[in-house]
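Chain and residue survey
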Amino acid sequence: MKPKELRAVIRWLSLFFDLANVAEDQQRIETLRERDDAAKASGSPRRESISSAIVELQQQGVDAAEMQRWVDRLRIEPVFTAHPSEAKRRTTRQLLRRIRELLAGRAFATSDVESIESELLADLTVLWQSDLVRPDRPPVMSEVSRGVYFVSTLWDVVPQTYRELRTALKTAWPQHHFEVLRFLSFGTWIGGDRDGHPFVTSEITRLTFTRLRRAALEGHLAECRRMHNRMVMSDQQVVSDQVLRDRLDDSEKRWPELTDRLSPVSSLETYRRFLRMLDFRLSRTLSVVAYGANQSGAYDSAEEFSEDLALLSDSLLENRGRRIVEQFLQPWIDLVDTFGFHFASLDIRQNSEVHHQCLREVVALQRSEDSPLVDKELGELIATGTSPGKIDAQKLTEGSREVFDTLLLLTEEYVTWGTQSVGGYIISMTHSATDVLTVLWLWRTAWAQNHDDEQHLPVMPIIPLFETIDDLRNASSILNELLSVPVYRRYLSKLGQRHQTVMVGYSDSTKDGGYLTACWELHQAQERLADVAEQHHVELTVFHGRGGSLGRGGGPAARAIRSLPNKAVGGRMRVTEQGEVLSERYDDPRIAHRHLEQIINATLLVSAGASRSPEADWLKAMDFLSQASFRKYRELVEHSAFLHYFDRATPISEIETLPIGSRPSRRGQRTSLSDLRAIPWTFAWTQSRHILPAWFGLGTAVRNFVDTDDSDWSTLRAMYAEWPMFRALIDNAELALAKADMQIARSYAALTSDPSSDEVWQQIASEFERSRGAVLLIKENTELLADVDWLKTSVMNRNPYVDPLNLSQIELLRQIRSNQETSDTLPDSELTNLVRLSIQGIAAGLLFGRVSWNSPISSQFNH
Amino acid sequence: MNATLADRTLDRLIDLLDLVVREQVGESLANTMQRIRRLAVERRAGLPVRMQSHDSSMNSLI
């Protein structure tokens, strides 16, 4: 085919998958509706709903008082990230969203099919004529806006989840009054994650805080105006509360310009006048945020705004307005509880090495002596309670200055806006307690720059991130050491109940140790962390740094959460929502709702439900399997030709130049496994249909296990049947094996030129067969996904369309590389564009990330 | 899970897309895409989940 023709075919196939995904979403929504109807008819709650969790817990013997304690502890926080594997443009997403909405309209308005199809044709024409792949790498602030794009969905869905929890509790225990306070919130890394991302500066972070605040305030203003149109009750019919009228009088005295805003509203409509006052103050707050203007009447905090809403609510309740509160006002109060004035808490992330460099420079400026401290002395200094002195920050090098400026910005943020807008400060590649104490020292120093009293130092959560196999193994001893350091204990105690968040990374640990070993080490690390936290009387939140895709910790929500050690959950679920799956989970309110209710359902059940400890011989078996898998995996990745194989048998080079995210994809020259970022690593293996990060090592481990003298399949089958951790491990591997295709992978392998590459291919191909066999024998099935019909059908329907895209990509890679090898010129830009298109198409075709947290698969596996 | 609605919706959307493709790039290319679609449907009907990826008819498209 000529390039022009090939381009058209690849575009067509890419669009085919986008439309297939839209069609499957329609199916999913229809299925949810049918299940809703069936549940209503039968009087029993829908599976994996909030209500079903409450009913199940009640059946297990949980009483109302205990349930209230779990509701008090419940804290769900999805954290949005912008990792560079979202291949689709926002404009394309918007068009697809519109097509989805048109289809939904068509389902309900059959008489208007013709005009809807005309609109669909127009949208498809726009889609065909637009660039499906971004021409340039997006700036960070575009990614921030992309995260904010989901506000409208969340605004609809959040109150619904609160209402469902309240209703479920009331239905289960009608005599008991439950207090349901804030249990759902959102976080974000977009604009805050600077690890390996030189474009995320303190200025970008400042703009991000502003952008997020604007989103929240604009949402509240719109809500306020809706409410103003609804609350037209008159004092002639029902006398409003004197407290409200007093507040209005007081406000008019304090802000005389308010009078003009109130004058068009009848003096008998106190509620509307009160809402006008809220509108005035919210608008003033928005001006402060947007323009930095000093505006009288602006709210100091979301808490102050909540107090006004509470006044309104109390007045309505006292005046027979319970229904009005429940239907109209309470959803808004829930939105304020969830989004405050910050919309999402922004996390900051930076690498431990960067902090150490900054510390050396800061301490050198703080000390008058000429000789710098050696690392041991530095370690001793930061573990003491000595007050850090001020520094001349201008003297820091550029990188350290950036770290310090960010911390200064955070001190301002805490002082001006309180505790909600900052999620935490994450230290990637944490290897020791010193890594955390280093950040604490820098935080104290930043505070000391503008504040003399350290007693008021805000307790910014400092969050160690453990992401290699070694660090996961050491995580609990590092936490133990940290929690034993007096200066750190005092820091945590400032809030009363001490609380520590620890993050565990699924992507890097899987790249480091292979699938099975990472699964097991992550599981054990969380159990040990929970034990250490308990010993120190510290509340623990485990923050799960999962990817959306298989091989990065992806998998259905309920399955993933219910496979966790229950003592490490304890009602708290903080988890990343990676960039590549945001649209799939949060574009449609019904799917977003399903996703959130599954997370809440599973978190409640794993926290408060009955649990069974794994048998001793299962633990022994897992140790054996993990060690065997680790050896096999390391043998592969340490093979002398492995990096060459990865370089040539996947489109990694093209992915690294793909302008799909603002963050550079590459750390530098690839000379070892550690030079590869985990996200493009998984993405590249997925594109070339190997998908080996999600299964490699499993087959050999299982084979070795059953070949030992005293073992057989019955142990593994019992583990699969009764242990959620092992079940999730096998089910996710099965899904990856079903999506992989060794014949297509073999064609990619043919792109390699190193003679030893064939050994790498042989290892992969034989391990694939072993792993496939292992899964089938453990599950006692004869084909993959035999017990998940709909998914098997989906894979079967899609593969015939993905294969030509893969074959096109292979041919294009061959042409690009032969150009590179015969001349020193850059690859032809047309070929590069076509490869990029094929990457986007394959990603859509393999439902990259779709069969993940919100898929109906979880109901198949968990019941 | 009943796949009928998804299949019906997708078929209709692809029919509409084919109309657009005919307008935008002409009959010849649109026919190529129809051919891919037909092949895929045939394979879907005749083959299990694991595909024969080196089918010569697919290769001939490139």
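Our subject is the structure that appears above.
This is a predicted model, so every value here is computed, not measured.

**Quick look at the overall build of chain B**
- Scanning chain B for helices and strands turns up three helices and zero strands.
- Going from the N terminus to the C terminus, chain B shows its helices and strands as α-α-α.
- Within the span of chain B, comprising 62 residues, buried residues form 39% of the whole.
- Summing over all exposed atoms, chain B offers an accessible surface of approximately 3,100 Å²; the carbon and sulfur share of this is 49%.

**Regarding the packing of aromatic side chains**
Residue and element names in this part refer to chain A.
- Going through the model one piece at a time under the given rule, you end up with 32 aromatic pairs over all chains.
- Aromatic side chains Trp189 and Phe543 sit 6.2 Å apart centroid to centroid with 90 degrees between the ring planes, which places their arrangement in the edge-to-face category. Here Trp189 is found in the loop between strand 2 (187-188) and helix 8 (202-230), whereas its partner Phe543 is found in strand 7 (residues 539-545), with 354 residues between them in sequence. For the pair formed by Trp189 and Phe543, the shared burial category is buried.

**Some thoughts on the side chain of A:Arg213**
Residue and element names in this part refer to chain A.
- As for its position among the elements, Arg213 is in helix 8.
- Judged by its relative accessible area of 6%, Arg213 falls in the buried class.
- Every residue in contact with Arg213, bar those within four places of it in the chain, is listed here: Val289, Phe341, His342, Glu413, Trp417 and Ser421.

**Some words on the pattern of salt bridges**
- Overall, the coordinates contain 60 salt bridges over all chains when judged by the stated rule.
- Here the salt bridges do not stand alone but share partners, grouping A:Glu117, B:Asp11, B:Arg12, B:Asp15, B:Asp18 and B:Arg37 into one network.

**Focus on the nonpolar core**
- Counting residues in hydrophobic clusters, the biggest one holds 159 residues, and the most contacted among them are A:Met67, A:Phe186, A:Leu278, A:Trp332, A:Tyr488 and A:Tyr491.
- Residues A:Leu95, A:Val706, A:Tyr748 and A:Ile842 belong to the second largest nonpolar core, which totals 125 residues.

**What to know about the sheet that holds strand 3 (residues 345-351) of chain A**
All names here are of chain A.
- The eight strands are arranged 1-2-3-4-5-6-7-8 in a closed barrel whose pairing can be described as parallel.
- Taken together, the seven bridges between strand 6 (residues 499-505) and strand 7 define a ladder with parallel strand orientation. When the bridges of strand 7 are listed, Val504 appears paired with His544.
- Taken strand by strand, helix 16 (residues 398-417) contacts strand 3 and strand 4 (422-428), and its axis lies near 160 degrees from that of strand 4.
- Helix-sheet contacts for helix 24 (residues 589-608) involve strand 1 (75-80) and strand 8 (572-577), and the interaxial angle to strand 8 is about 145 degrees.

**Notes on the environment of A:Leu831**
Residue and element names in this part refer to chain A.
- Among the secondary structure elements, Leu831 is positioned in helix 35 (residues 829-845).
- Leu831 sits in the buried class, given a relative accessible area of 9%.
- C-alpha of Leu831 to C-alpha of Val542: the two residues are 289 residues apart in sequence and 45 Å apart in space.

What counts, and where the lines are drawn
Residues numbered from 1 in each chain as written. Chains lettered and ligands numbered in written order. Predicted model: local features only at pLDDT ≥ 70, side-chain atom pairs only at ≥ 80, totals over all residues. Heavy atoms only, no water. Helix = DSSP H or I, 4+ residues; strand = E, 2+ residues; numbered from the N terminus. Buried < 20%, exposed > 50% of the residue type's maximum accessible area, 1.4 Å probe, protein only. Areas by Shrake-Rupley, 256 points an atom, 1.4 Å probe, with all protein chains shown as cover. Phe/Tyr/Trp six-rings, centres within 6.5 Å; stacked < 30°, edge-to-face > 60°. Contact = heavy atoms within 4.5 Å. Salt bridge = Lys/Arg side-chain N within 4 Å of Asp/Glu carboxyl O. Core = buried A, V, L, I, M, F, W, Y, C linked by side-chain atoms within 4.5 Å. Pairing = 2+ DSSP bridges. Axes fitted to C-alpha atoms, helices over the stretch in contact; angles between N-to-C directions.

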